[in-house]
Amino acid sequence: MRHFISIADLSRADAIAVLDTAEQMAATQSRSIRKLPTLVGTTVVNLFMEDSTRTRISFEAAAKRLSADVINFSAKGSSLSKGESLKDTALTLQAMGADAIVVRSPSSGAAHLLAHAGWVTQPIVNAGDGTHEHPTQAMLDAFTLRRHLAGDDASGQGLDGRHVVIVGDILHSRVARSNVLLLTLLGARVTLVAPPSLVPVGASAWPCEVVYDLDEALAAGTDAVMMLRVQRERMIGGGFFPTPAEYTRRFCLTTSRAARLDDHAIVLHPGPMNRGFEIAGDVADSPRSVIVEQVAAGVSVRMAVLYQLLASTTQES
Ligand code: CP
């Protein structure tokens, strides 16, 4: 693996290798000394041009637990805000000794551009690009799903035959796109539920079913429900149909809807959550919620990705 840009670049074996490596990383995190010497002498740059809590901090934690040095770079307060280009920013980071660049951008395709434009030679990791993809989020979601749904010994297994319902603002969700690609690669069946106004043009060609009624979708039975944040900041012009009240009535995972799920079904949310809007606070805090587990899985998965991209380069030097 040279870069980690899109789930579409992975085979099923590649994806399972990342998940199995993440399991090994997770095992090291329960020890009293959690730090591994694997990436000592390397520098990981977090280039974040869009706000983040979970992804930025977990990439930082992951790199540090592998003994890499970390430089955090955010657009706010940098020369990007004076109009400096992505190319010149990347060249500057390369000149300062970056060995890998983790990039979050509001622009779909930014990570691909950095990886393939020929400006820099370092491995590029996509930490979320516009409405396109968020591949490490999908990996940590699959890691969490596999732990709950694939039995005690998940190693070497996918999610064959499992059913995952993804609900909400599919139109603006890079998480949904990456999850549809990854979960189906791992053998799961995926159903998307959203109002028609929040389904992207072209979703009918995705390897999943698209439906518009949450109650009907849940009544058909599911192993997991993944709620998505409604991304009002991406709704240009402020228009939102259905209205927020109508959205909550039809698409919120309320306490009564959650009570109708099968006993074993789990609830996910990538965060940040709009409590009381797309998910009831009681459901987010309930025993079937794995939302906090997802955050912990993010560190293990990002350790695995950085390890796969950088460990061979440290061994060569
Ligand atoms: N899930 C996710 O990407 O969260 P952040 O925006 O906080 O990184």
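Residues numbered from 1 in each chain as written. Predicted model: local features only at pLDDT ≥ 70, side-chain atom pairs only at ≥ 80, totals over all residues.

- Per an unreviewed UniProt entry, the recorded name for the chain is Aspartate carbamoyltransferase, and the organism is Brachybacterium huguangmaarense.
- Entered under Sequence similarities (unreviewed entry) in the UniProt record, the comment concerning the chain runs "Belongs to the aspartate/ornithine carbamoyltransferase superfamily. ATCase family."
- Per UniProt, the chain has the following entry under Pathway (unreviewed entry): "Pyrimidine metabolism; UMP biosynthesis via de novo pathway; (S)-dihydroorotate from bicarbonate: step 2/3." (UniProt positions renumbered as here; feature names shortened; annotations may be inferred.)

## Let's talk about the overall build of the chain
Working step 1: When you go through the chain residue by residue, the secondary structure sums to 11 helices and 9 strands.
Working step 2: For the chain, whose C-alpha radius of gyration is 19 Å, the value lies close to the compact-globule estimate of 20 Å for 317 residues.
Working step 3: The C-alpha extent of the chain, read off along each of the three principal axes, is 55 × 50 × 35 Å.
Working step 4: The burial tally for the chain puts 46% of its 317 residues in the buried class.
Working step 5: Restricting the contact set of the chain to residue pairs at least 6 apart, pairs at least 24 apart contribute 76%. (Helix = DSSP H or I, 4+ residues; strand = E, 2+ residues; numbered from the N terminus. Rg over C-alpha atoms; globule rule 2.2 N^0.38 Å. Buried ≥ 20, exposed ≤ 12 C-beta atoms within 10 Å, placed from the backbone. Contact = placed C-beta atoms within 7 Å.)

## Considering the sheet that holds strand β2 (residues 69–74)
Pairing between the strands of a sheet comes from backbone hydrogen bonds, and it takes one of two forms, parallel or antiparallel.
Working step 1: With parallel pairing, 4 strands are arranged side by side in an open sheet as β2-β1-β3-β4. The strands lining the two open edges of the sheet, one partner per strand, are β2 and β4 (124–129). Going from strand to strand, the sheet's axes swing by 15° on average, the running direction of each strand aside.
Working step 2: Sheet topology note: the strand β1 (residues 43–48)/β2 ladder contains 6 bridges and is parallel. In the strand pairing of β2, Val45 is matched with Ile71. (Pairing = 2+ DSSP bridges. Axes fitted to C-alpha atoms, helices over the stretch in contact; angles between N-to-C directions.)

## Quick notes on the pairing of strand β3 (residues 100–105)
Both faces of the sheet carry side chains from a regular strand, because those side chains alternate between them.
Working step 1: In terms of burial, β3 is largely enclosed, as 6 of its 6 residues are buried.
Working step 2: Going residue by residue along β3, you find Ala100, Val102 and Arg104 tucked away on one face and Ile101, Val103 and Ser105 tucked away on the opposite face as well.
Working step 3: Pairing geometry for β1 and β3, over 5 bridges, is parallel. Paired with Phe48 across the two strands is Arg104, which belongs to β3.
Working step 4: As paired strands, β3 and β4 are joined by 4 bridges and run parallel to one another. Bridge assignment links Val102 to a residue of β4, and that residue is Val125.

## Thoughts on the sheet that holds strand β6 (residues 189–193)
Working step 1: The strand order β7-β6-β5-β8-β9 describes an open sheet built from 5 strands, whose pairing is parallel. Taken across any chain shown, the strands that pair with only one partner, and hence form the sheet edges, are β7 (209–211) and β9 (266–268). Each strand of the sheet is rotated relative to its neighbour by a mean of 20°, with strand direction disregarded.
Working step 2: By the bridge criterion, 4 bridges tie strand β5 (residues 163–167) to strand β8 (residues 224–227) in an arrangement that is parallel. Paired with Val164 across the strands is Ala224, a residue of β8.

## Comments concerning the site of the ligand
Working step 1: As a matter of local geometry, the ligand sits amid Ser52, Thr53, Arg54, Thr55, Gly128, Gln137, Pro270, Gly271 and Pro272.
Working step 2: Tallied by class, the residues present in the shell around the ligand amount to 2 nonpolar, 6 polar and 1 charged.
Working step 3: Residues from two domains meet in the shell around the ligand; each of domain 1 (7–133 + 295–316) and domain 2 (135–291) gives at least three. (Near = placed C-beta within 6 Å. Nonpolar A, V, L, I, M, F, W, Y, C, P; charged D, E, K, R; others polar. Domains from an automatic or database assignment.)

## Section: the UniProt feature "binding site: carbamoyl phosphate" (unreviewed entry) in the chain
Working step 1: Under the present numbering, the feature "binding site: carbamoyl phosphate" (unreviewed entry) in UniProt falls on Arg54, Thr55, Arg104, His134, Gln137, Gly271 and Pro272.
Working step 2: With respect to the element layout, Arg104 can be found in strand β3.
Working step 3: Locating Gly271 in the fold gives a position in the loop between β9 and α10 (281–284).
Working step 4: A count of 17 C-beta atoms within 10 Å places Gly271 in the partly exposed class.
Working step 5: In this structure, Gly271 is in contact with Arg54 and Ile291, ignoring residues within four places of it in sequence.

## Observations regarding the nonpolar core
Working step 1: Core analysis: the largest hydrophobic core is formed by 102 residues, its most contacted members being Ile101, Val167 and Leu306.
Working step 2: When residues in this core are grouped by element, the largest group, 11 residues, is from helix α11 (residues 291–316).
Working step 3: Formed jointly, this core draws a minimum of three residues from each of two domains, domain 1 (7–133 + 295–316) and domain 2 (135–291).
Working step 4: Look past the residues within four positions of Val167 in its chain and what remains in contact with it is Val193, Leu214, Val225, Met226, Met227, Leu228, Phe251 and Leu253. (Core = buried A, V, L, I, M, F, W, Y, C linked by C-beta atoms within 7 Å.)

## Some thoughts on the packing of helix α5 (residues 135–149) against helix α6 (residues 174–185)
Working step 1: Relative to each other, α5 and α6 sit at 55°, their axes nearing to 8 Å. It follows from the interaxial angle that α5 and α6 lie oblique. For the crossing formed where α5 meets α6, the hand is right-handed. Along the contact surface, α5 presents Pro135, Gln137, Ala138, Met139, Asp141 and Ala142, while α6 presents Val175, Ser178, Asn179, Leu182 and Leu183.
Working step 2: For the contact of α5 with α6, the residue count by class is 7 nonpolar, 3 polar and 1 charged. (Parallel < 35°, antiparallel > 145°, perpendicular 65-115°, else oblique. Left-handed = near helix turned anticlockwise from the far one by under 90°.)

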